[in-house]
Amino acid sequence: LDFITEGLSIFGAVSFSSVLTSGYDKTRSYAYYEPITTISSTSQDSLYFLERGVDTDLTVYTGYNYENNRTNFQGGINYEGAFGDHTLDILGMYHQDLYSAIGSQAPYVFQNIMGRVSYGFKQKYFAEIGFSYSGSELYAPGKRFGFFPAVSAGWLIHKENFWKENSTLTYLKLRGSAGLIGNDRGTPRFNYNQYWGTARSEGYYFGTGSQFYNALIELQRANPDITWEKALMYNAGLETKWLNNKLSVNVDVFYEDRYDILVNMGNVLSAISGVNSAARVNKGKVVNYGTEVEAMFRDITGDLEYFLGSHFSFARNKITASYEIPKKEEYSEREGNPVNQYYGLEAIGFFRDESDIISSPVQTFSKVRPGDLKYKDQNNDGIIDVNDEVPIGRHSYPEIGFALNAGIAYKGFDLKLLFDGTANRSVYLNGYMFWPFVNNANISKWAAEGRWTPETHAQATFPRLTTMPNANNYRASTFWVRDVSQLRLRNAELGYTLPRGVLNKYGIEHLRIFVSALNLISWDDLAVNVHPETLNMGYPAMRTYSAGVKVNF
């Protein structure tokens, strides 16, 4: 819209999709033959077969009906301008998503009004303010929209007059941001409305008969104040370039305060309240913090070109409010620990003999024998039960991630390698795959060679083998949790690019031949012979080899 003012523009897009699936089947029963006996006065009885089932009407079935429709619209206005030392960028945008599916009481509707104002001064000071006014039909009228602002700023320090130009540190940028974001995923639909229904187990007998009448009961408690889950996020970063831009190093740190997380209040609601299903309320809290560092070095020396890059990230979280089911012992509570922390018993070895069993705390899960797992009595009450469960290991996701990528090129030949790895992660070896004879599972080499026997009790690494159910040994415990770190050669590629002089004769601008491998080698400290990511015994991650030619004319 330069005819109005230079730098002004509008944009918009509409997209829609419609899916309809319908089935119309005609079927008829199979033909069958009915034996018929005839009696004749002049001859012996005779038997013949009468065809049946072919004169019936076709049965029509009109199932498989499914239909959904989705319409998206977005549009906005943008302005970009420069005035001497000042730059200005203003954006306003509207987005709507309308989705309807057969069987739904009402279409799903989401709306957003978004905006951003960016300002720069002398190409070394930068500031930006953004916002999103988001609406979701998952919440009650009057509470459907949430306002989520954000602000950020940056400073190119190396452009200041006090900064002496040098070849050691050639680029230095400091930046920071803070913002509030909202999340409506996982919110039960129409949870702000109270619904009533019937249940087979709740009702009354009237009179002297045995007729049972279902009662009208309150279903899950409504929460008219249910709202967005929110996260207040802070980030600070430093970007640098060194040695005439050959080396770049970037560092980020972040802190996130997530609150108004939906929790089920049935965890803390007494059963004598009579409430069939408690409401979900926005009371959960989690904090998350960490850092991220990346570096890259590139250089060219004659015909030799090479690069070396690395990446490191660390993130840790902690539940600060969970409203969980009250625990007898404080050490069993989830609050204060990471999300998805493993919990279980602390295994302290195997029972040596019957005298060891008699002199140990009573294990309540099943009758134990020599060679079964022995657990620690955390509260010293003489009984091993669920009240002795403590945090074990870490969690299924890694806290630390790292990567190293390197490459070298010389006179047409090039080699590229990518390593990545994780640390501060635990895996839980649960399920019949690791439990011999359970659900007709095979026995692994790990269990067979390390099983407890009276002769191998000193070096045994696996409980005694039995074909009978064993609730004691297969409890969640430290025996089945393994801390694991891994390093993998994710990708390796070797290539050769033909010289331009050879190619120009044939009208080819570029031709490269290469071979590559994916998931080539993996190292980990997991004693069990399983892949640390898939946890499939005998089925490692897929290793792929490929070769190709890339040609540009």
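Keep in mind the model is a prediction, meaning the values are calculated, not measured.

**Q** It is not clear to me how the overall build of the protein chain should be interpreted in this structure. Could you clarify?
**A** Broken down by element type, the protein chain carries 3 helices and 28 strands. Scaling as 2.2 N^0.38, a compact globule of 553 residues should have a C-alpha radius of gyration of about 24 Å, whereas the protein chain reaches 35 Å, well beyond that. Within the protein chain, buried positions represent 33% of all 553 residues. Treating the 51 positive side-chain charges of the protein chain as one cloud and the 58 negative ones as another, the clouds have centres 3 Å apart.

**Q** Just to check I follow, could you spell out the packing of aromatic side chains for this structure?
**A** The geometry of two aromatic rings is summed up by the distance between their centres and the angle between their planes. Following the criterion strictly, the structure yields 22 aromatic pairs and no others. The interplanar angle of 45° and the centroid separation of 6.2 Å between the aromatic rings of Phe73 and Tyr94 together place this pair among those described as tilted. Here the residue Phe73 occupies a position in strand β6 (residues 66–83), and Tyr94 occupies one in strand β7 (residues 86–101), the gap between them amounting to 21 residues. A relative accessible area of 37% means that Phe73 is categorised as partly exposed. Classification of Tyr94 as partly exposed rests on a relative accessible area of 26%. Consider the rings of Phe479 and Trp480, whose centres lie 5.0 Å apart with planes at 90°: the pair is edge-to-face. Of the residues examined, Phe479 reaches a relative accessible area of 11% and is grouped as buried. Taken together, the aromatic side chains of Phe350, Trp446, Phe462, Tyr474, Phe479 and Trp480 make up a single cluster linked through ring pairs. The ring of Tyr108 is capped by Arg189, whose NZ or CZ atom sits 3.6 Å from the centre of that ring.

**Q** Help me understand a nonpolar patch on the surface, please; the structure alone is not making it clear to me.
**A** Taken together, Leu1, Phe3, Ile4, Ile10 and Ile77 make up a surface patch of nonpolar side chains, about 520 Å² in accessible area. Here Ile10 shows up in strand β1 (residues 8–21). Owing to a relative accessible area of 55%, Ile10 belongs among the exposed residues under this scheme.

**Q** Before we go on, may I ask you to explain the environment of Pro188 in this structure?
**A** Looking at where Pro188 falls in the secondary structure, it is placed in the loop between β11 (169–183) and β12 (196–205). The exposure class assigned to Pro188 is buried, which follows from its relative accessible area of 17%. Apart from the residues within four sequence positions on either side, Pro188 is in contact with Leu138, Ile226, Leu262 and Arg280.

**Q** What should I look at first to understand the pairing of strand β10 (residues 145–156) in this one?
**A** For a regular strand, the rule is simple: side chains alternate between the two faces of the sheet. Bridge analysis of strand β9 (residues 125–136) against β10 gives 11 bridges, and the strand direction is antiparallel. Its bridge partner lying in β10, Ala127 is registered against Ala153. Bridging between β10 and β11 involves 7 bridges; their strand directions are antiparallel. Looking across to β11, one finds that Ala153 is bridged to Gly176.

**Q** I keep staring at the nonpolar core and nothing clicks. Help me out?
**A** The tendency in soluble globular proteins is for nonpolar side chains to be buried side by side. With 28 residues, the main nonpolar core has Leu429, Phe434, Trp446, Phe479 and Trp480 as its most contacted residues. Among the elements of the structure, β21 (373–375), β23 (390–395), β25 (413–428), α2 (445–450) and β26 (481–497) are those that each provide at least two residues to this core. Once residues within four sequence positions are removed from consideration, Trp480 is found in contact with Leu373, Val427, Tyr428, Leu429, Phe434, Trp435, Trp446, Phe462, Asn473, Tyr474 and Arg475.

**Q** Sorry, what's going on with unusual backbone geometry here?
**A** Peptide bonds are mostly trans, and most non-glycine residues show a negative phi. With a phi close to 55°, Gln123 is a non-glycine residue in the positive phi region. Residue position: Gln123 is located in the loop between β8 (108–121) and β9. Even without a glycine there, the phi angle at Asn244 is positive, about 55°. Looking at where Asn244 falls in the secondary structure, it is placed in the loop between β14 (229–242) and β15 (247–264).

**Q** Explanation requested: the environment of Ile443 in the structure shown.
**A** Along the chain, Ile443 falls in the loop between β25 and α2. Along the backbone, Ile443 and Leu465 are 22 residues apart, and their C-alpha atoms lie at a distance of 9.5 Å. With sequence-adjacent residues up to four places away left out, Ile443 is seen in contact with Pro436, Phe437, Ala448 and Leu465.

**Q** What is the right way to look at the pattern of salt bridges in this model?
**A** Side-chain pairing between opposite charges can occur once the charged atoms of the two side chains come close. Here the structure, examined in full by the defined rule, presents 23 salt bridges. Measuring nitrogen to oxygen at the nearest pair gives 2.6 Å for the salt bridge that ties Arg258 to Glu256. Linking Arg512 and Glu493 is a salt bridge whose minimum nitrogen-to-oxygen distance equals 2.9 Å. Residue Arg512 is located in strand β27 (residues 510–524), and its partner Glu493 is located in strand β26; the two are separated by 19 residues in the primary sequence. The exposure class of Glu493 is buried, given its relative accessible area of 17%. What emerges from the salt-bridge pattern is a single network uniting Arg175, Glu239 and Asp252.

**Q** Please explain the side chain of Gln341 as it appears in this structure.
**A** By secondary structure assignment, the location of Gln341 is in strand β18 (residues 341–344). Reaching out from Gln341, the side chain makes a polar contact with the backbone oxygen of Gly393 at a distance of 3.2 Å. Discounting chain neighbours no more than four positions away, the residues touching Gln341 are Pro391, Ile392, Gly393, Arg394 and His395.

**Q** What is the right way to read the environment of Lys445 from this model?
**A** Assignment of secondary structure puts Lys445 in helix α2. Residues Lys445 and Tyr24, 421 residues apart in the sequence, show an inter-C-alpha distance of 53 Å.

**Q** Please clarify how the side chain of Thr422 should be interpreted in this entry.
**A** Residue placement: Thr422 occurs in strand β25. Residues in contact with Thr422, not counting those within four places in the same chain, are Pro398, Ile400, Phe402, Ser485 and Gln486.

Reading guide: rules and limits
Residues numbered from 1 in each chain as written. Predicted model: local features only at pLDDT ≥ 70, side-chain atom pairs only at ≥ 80, totals over all residues. Heavy atoms only, no water. Helix = DSSP H or I, 4+ residues; strand = E, 2+ residues; numbered from the N terminus. Rg over C-alpha atoms; globule rule 2.2 N^0.38 Å. Buried < 20%, exposed > 50% of the residue type's maximum accessible area, 1.4 Å probe, protein only. Lys, Arg positive; Asp, Glu negative; His and termini not counted. Charge placed at Lys NZ, Arg CZ, Asp CG, Glu CD. Phe/Tyr/Trp six-rings, centres within 6.5 Å; stacked < 30°, edge-to-face > 60°. Lys NZ or Arg CZ within 6 Å of the ring centre and 35° of its normal. Patch = residues over 30% accessible without salt bridge, like charges linked within 9 Å, V, L, I, M, F, W, Y side chains within 5 Å. Areas by Shrake-Rupley, 256 points an atom, 1.4 Å probe, with all protein chains shown as cover. Salt bridge = Lys/Arg side-chain N within 4 Å of Asp/Glu carboxyl O. Contact = heavy atoms within 4.5 Å. Pairing = 2+ DSSP bridges. Core = buried A, V, L, I, M, F, W, Y, C linked by side-chain atoms within 4.5 Å. Polar contact = N/O pair within 3.5 Å; in protein donor to acceptor, adjacent residues only side chain to side chain.

Everything listed is a geometric property; what it means functionally is a separate question.
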